[in-house]
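One letter stands for each residue in the lines below.
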Amino acid sequence: MDKRLEKILPLVQKPARYTGGELNSVIKDKNSVAIRYAFCFPDSYEIGMSHLGIKILYSLINAREDAWCERVFAPWTDMEEQMRSNGIPLYALESGDPVKDFDLIGFTLQYELCYTNILNMLDLAGLPVRAADRKGLSPIVMAGGPCACNPEPVAEFFDLFLLGDGEEVMNEILDLYKAHKQRGSDKAAFLKAAAQLPGVYVPSFYDVTYREDGVVDAIIPAEGAPEKITKRVVRDLDSVFYPDSFVVPFIDVVFDRVTHEIFRGCIRGCRFCQACFLSRPIREKSPDTINEQCKVLCKNTGYDEISLCSLSSSDYSGIEELLSKLLDWTPGEKVNIALPSLRVDNFSDELLKKLTGVRKSGLTFAPEAGTQRMRDVINKNVTEEEIMETSRIAFAGGYSAVKLYFMLGLPTETPEDVQGIAYLAKKVVDTFYSMPEKPKGKGVNVSVSASNFVPKPFTPFQWEPQATVEELKEKQDLLLHTCPSKKINISFHDIHTSFLEGVFARGDRRLSRVIETAWKNGCVFDSWNDHFRFDTWMDSFASCGLDPVFYANRRRDYGETLPWDHLDFGVSKGYLEKENEKAKRAETTANCKIKCAGCGASKLNGGHCDV
Amino acid sequence: MYDVRIRVSKRGRIKFVSHLDMFRTMQRAVRRAEIPLWYTEGFNPHPYISYLLALPLGVEGVAEPIDIRLVEPMPMEELLDRLNAVMPEGLRVESAAAPFHKPAEIAFARYDVTLDRADITPEELTEALTCGELTCEKSGKSGHKKIMKTVNVSEHIREYRLEDKGEQLLLTVVLPAGSTFNLNPIQLMEAVSGRLGRRIYPPLTVRTALLCEDLSEFI
Ligand code: SF4
Ligand code: SF4
């Protein structure tokens, strides 16, 4: 370990964030690999190490003999200060080598508010933040993840983006890079070849022009790059690479357990839900494969909890089979099972029984809206009756704390819809007290978490204006004043944070300047409330001559060229438009199990969805 | 049930993993090793593992005692092999045997503290160690409240020896350890730093032994 590091680590909080050496981390001989890959997570160690995508790609790259993948997280501000004042550049955890010397630097874009951290990490590495200022073949700076569906606000910082599932395209990029490195070619030649790979987007090959009113006029490809870049889709989840071990952190991280993705896509199509539309078509992994992989992972990590994480895990067609397979061996091994995203409308009595004795701390539901009309608008096909029925089952099963998730600022929302949230929560409280078989000796605790709706690309609401900061404030106040019971806790999300998220979610390339300015003025860790500096952000918009309201609060018409129109995530624009129209009429769309709505995503999977 | 005292060395970068985190690390290791460990009863059963004495953050150890409890006997060799096959980098089980002393008999610990000569001269260090009024701030309790107390470190240095190794100085020191009163070499060096008015941080500090009241080895 670097001697300077030894001396500064005792001065920072949680030094084990910065040491590496965790169980199952991969050490290779750097002289015997052709490619060194730095997997960068632009947030703290604790957040990054909880993320499944990094675990999959880390193992996938390290499974190759010719490549070594290492991990890098954003140093917390105390560590950054020490690193800067002692001249220690950003380094990778496994080898301790400077990130600057790696061949490929890959970021994952999980949320919009991590963008300044990316710039800060590149700078700490000693690299220019703008792609155009990095001239050599190494390092190539790339990114993937959900925000890569509209990467335009960060387009100037990256050499390329990978769209969709990373498992296959990652290997193709590594092969291509290796060939170019051995051939001694330059960055331009590599990027030109990379742009021909399906799912690879090289932003510098696209020229964006704007109309006088600020709207995108056209997106014009050059250098033979394709007009449309289509995301990658892994067709068979049973045969696709899955790790047989995870790096086991020493320190407590947010999700510290075996996580398993049981399927991709979601049948529900809630109209606000970007994760759903980005991850379609629907593909399932078989219960046998999942069960075997979980066993191996538990053995190799020593974890005592398995979490089945997918968008709506209880929609998985093999859920009962899978649970009974897991429950065959998990109690004996003292392993718990957690199912984080259960939907209210198919949470059966039977399923709950299978899970009893597993974990009974609290239960979460996401009705998302307080009235039936509003739920119809967003296509959340859940009725009040179902919510009460599920609560009753849960209370009878011994639960006494319920957490309900809602959104404020949904399209067409009225004051009645906002108040409906409080009334719904109250009914859940009343349901508890009306039950003779309620858990004894305990009161009920209903917590309401009300986030702010942010319209996202590739959803039916991508054309909708986001509710303004003032409107959201009014809605929060109204909900707070309507709250009828002491048994209900309401928590809100920061409005300014949501506003900025809204700006970047649907932003264009010109915002790169704003992000760079804000970072230069000290913005980092924007998703952490105590670091978020809204005024600095507003100053940065002003000094770049751009209006954030234009991005967040403006209604787009269907004919407008959207900044992400050259990217294809499967679901067709025509379908999204139709869904937007249906939303205006509060008309619902049946889920994929009942009837395929023809969203267009199945074309990426040979016309097939696993429903 | 069979009580076993294992001795674990903690070397290299893992020294920055805190005592609390070591606990979880060991729990997972015994799970991976499939050791027939006795689990605590109750709602959230966990394997019985007892660290006898916390190792301060940043300090390495060569034979830290940890008591575990087995539900069936197991050859010590096999126990060692199975555990060492699944340990993270820097952790090794060096030995395993039935406990002899009671945990409460730990009274002192011996440390090897390596210092850079560029940071401090032997004369400065000797002066500080013999001045008789070396003090440091230590968190303590007054009733239920946490308070900071000033401790006279000089009174608690049971033994020390200083060796000049050219570029480096090796300080071997015996300090109080155990359940009643603890003073660790990091605190000792903070006291020295305070006296000299500049930060002196030893690049390497290793706990080499735990001792009983009469300075005999704790086993
Ligand atoms: S159920 Fe609705 S909110 Fe949940 S993942 Fe599916 S589409 Fe999204
Ligand atoms: S193609 Fe049909 S079944 Fe597949 S995700 Fe789209 S609507 Fe659902």
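Residues numbered from 1 in each chain as written. Chains lettered and ligands numbered in written order. Predicted model: local features only at pLDDT ≥ 70, side-chain atom pairs only at ≥ 80, totals over all residues. Heavy atoms only, no water.

Caption draft 1: Geometry of the overall build of chain A. The secondary structure content of chain A amounts to 20 helices and 19 strands. Radius of gyration (C-alpha) of chain A: 24 Å, near the 25 Å computed for a compact globule of 611 residues. Expressed along its principal axes, the backbone C-alpha trace of chain A runs to roughly 75 × 65 × 50 Å. Looking at chain A as a whole, 61% of its 611 residues qualify as buried. Residue pairs in contact within chain A that sit at least 24 positions apart in sequence constitute 78% of those at least 6 positions apart. Surface summary for chain A: the accessible area is close to 22400 Å², and the carbon and sulfur share equals 51%. Taken together, the 74 basic and 87 acidic charged side chains of chain A have centroids lying 2 Å from each other. (Helix = DSSP H or I, 4+ residues; strand = E, 2+ residues; numbered from the N terminus. Rg over C-alpha atoms; globule rule 2.2 N^0.38 Å. Buried < 20%, exposed > 50% of the residue type's maximum accessible area, 1.4 Å probe, protein only. Contact = heavy atoms within 4.5 Å. Areas by Shrake-Rupley, 256 points an atom, 1.4 Å probe, with all protein chains shown as cover. Lys, Arg positive; Asp, Glu negative; His and termini not counted. Charge placed at Lys NZ, Arg CZ, Asp CG, Glu CD.)

Caption draft 2: Inspection of the pattern of salt bridges at higher detail. This structure, assessed with the given rule, holds 70 salt bridges over all chains. Across the pair Lys 325 of chain A and Glu 321 of chain A runs a salt bridge, and its minimum N-O distance is 2.8 Å. Here Glu 321 of chain A and Lys 325 of chain A lie together in helix α10 (residues 319-329), a separation of 4 residues that amounts to about one turn. Judged by its relative accessible area of 39%, Glu 321 of chain A is partly exposed. The shortest N-O distance in the salt bridge between Asp 164 of chain B and Arg 117 of chain B comes to 2.7 Å. Placement of Asp 164 of chain B in strand β8 (residues 159-165) and of Arg 117 of chain B in the loop between β5 (108-116) and α3 (122-130) is noted, with a sequence separation of 47 residues between them. For Asp 164 of chain B, a relative accessible area of 48% translates into the label partly exposed. When its relative accessible area of 32% is taken as the criterion, Arg 117 of chain B is described as partly exposed. It is possible to trace a salt-bridge network through shared partners that takes in Asp 165, Glu 167, Glu 261, Arg 264 and Arg 283 of chain A. (Salt bridge = Lys/Arg side-chain N within 4 Å of Asp/Glu carboxyl O.)

Caption draft 3: Main features of the site of ligand 2. Close to ligand 2 lie Arg 280, Ile 282, Cys 592, Cys 596, Ala 597, Gly 598, Cys 599, Ser 602 and Cys 609 of chain A, which account for all nearby residues. Residue composition of the shell around ligand 2, by class: 6 nonpolar, 2 polar and 1 charged. (Near = heavy atom within 4 Å. Nonpolar A, V, L, I, M, F, W, Y, C, P; charged D, E, K, R; others polar.)

Caption draft 4: Representation of the confidence of the model for chain B within the structure. Summary statistics for chain B give a mean pLDDT of 91 and a share of 100% for residues scoring 70 or more. Both scores are given for the predicted complex: the pTM is 0.93, the ipTM 0.88. (pLDDT = per-residue confidence, 0-100.)

Caption draft 5: The arrangement of the packing of helix α3 (residues 52-62) of chain A against helix α6 (residues 166-183) of chain A in detail. All names here are of chain A. Between α3 and α6, the least distance of the axes is 10 Å, while the angle of their chain directions is 40°. As judged from the angle between their axes, α3 and α6 are oblique. As α3 packs across α6, the resulting crossing turns out to be right-handed. Residues Ile 56, Leu 57, Leu 60 and Ile 61 of α3 pack against Gly 166, Glu 167, Met 170, Asn 171 and Leu 174 of α6. The class makeup of the residues in the contact of α3 with α6 is 6 nonpolar, 2 polar and 1 charged. (Axes fitted to C-alpha atoms, helices over the stretch in contact; angles between N-to-C directions. Parallel < 35°, antiparallel > 145°, perpendicular 65-115°, else oblique. Left-handed = near helix turned anticlockwise from the far one by under 90°.)

Caption draft 6: Geometry of the domain arrangement of chain B. All names here are of chain B. What the domain assignment reports for chain B is domain 1 (2-99) and domain 2 (104-211). Counting residues at the interface gives 15 residues for domain 1, matched by 15 residues for domain 2. When the two sides are added together, the surface that domain 1 and domain 2 hide from each other amounts to roughly 1100 Å², 61% of it contributed by carbon and sulfur. Summed over the three residues of domain 1 that lose the most area to domain 2, namely Leu 53, Val 59 and Glu 60, the buried surface amounts to 43% of that side. Scanning the region where domain 1 abuts domain 2 turns up 1 salt bridge. (Domains from an automatic or database assignment. Buried area = accessible area lost by both parts, 1.4 Å probe.)

Caption draft 7: Quick peek at the sheet that holds strand β16 (residues 401-408) of chain A. Residues and elements named next belong to chain A. Across the sheet, which stays open at both edges, the 4 strands sit in the order β15-β16-β17-β18 with parallel pairing between neighbours. This sheet does not close on itself; its edge strands, each paired only once, are β15 (363-368) and β18 (488-492). Ignoring which end each strand starts from, the neighbouring axes of this sheet average 20° apart. Where β15 meets β16, 4 bridges bridge the pair, whose relative direction is parallel. Its bridge partner lying in β16, Leu 363 is registered against Val 402. (Pairing = 2+ DSSP bridges.)

Caption draft 8: Layout of the interface of chain A and chain B. Chain A puts 31 residues into the contact, and the matching count from chain B is 24 residues. Regarding the contact of chain A and chain B, the summed buried area is about 2400 Å², with carbon and sulfur atoms giving 54% of it. When the area that chain A buries against chain B is broken down by residue, the three leading residues are Lys 7, Phe 250 and Lys 334 of chain A, summing to 26%. Taken together, chain A and chain B are joined by 7 salt bridges.

Caption draft 9: Fine view of the environment of Glu 292 of chain A. Tracing the chain through its elements places Glu 292 of chain A in helix α9 (residues 287-301). A C-alpha to C-alpha distance of 33 Å links Glu 292 of chain A and Ser 391 of chain A, two positions 99 residues apart in sequence.

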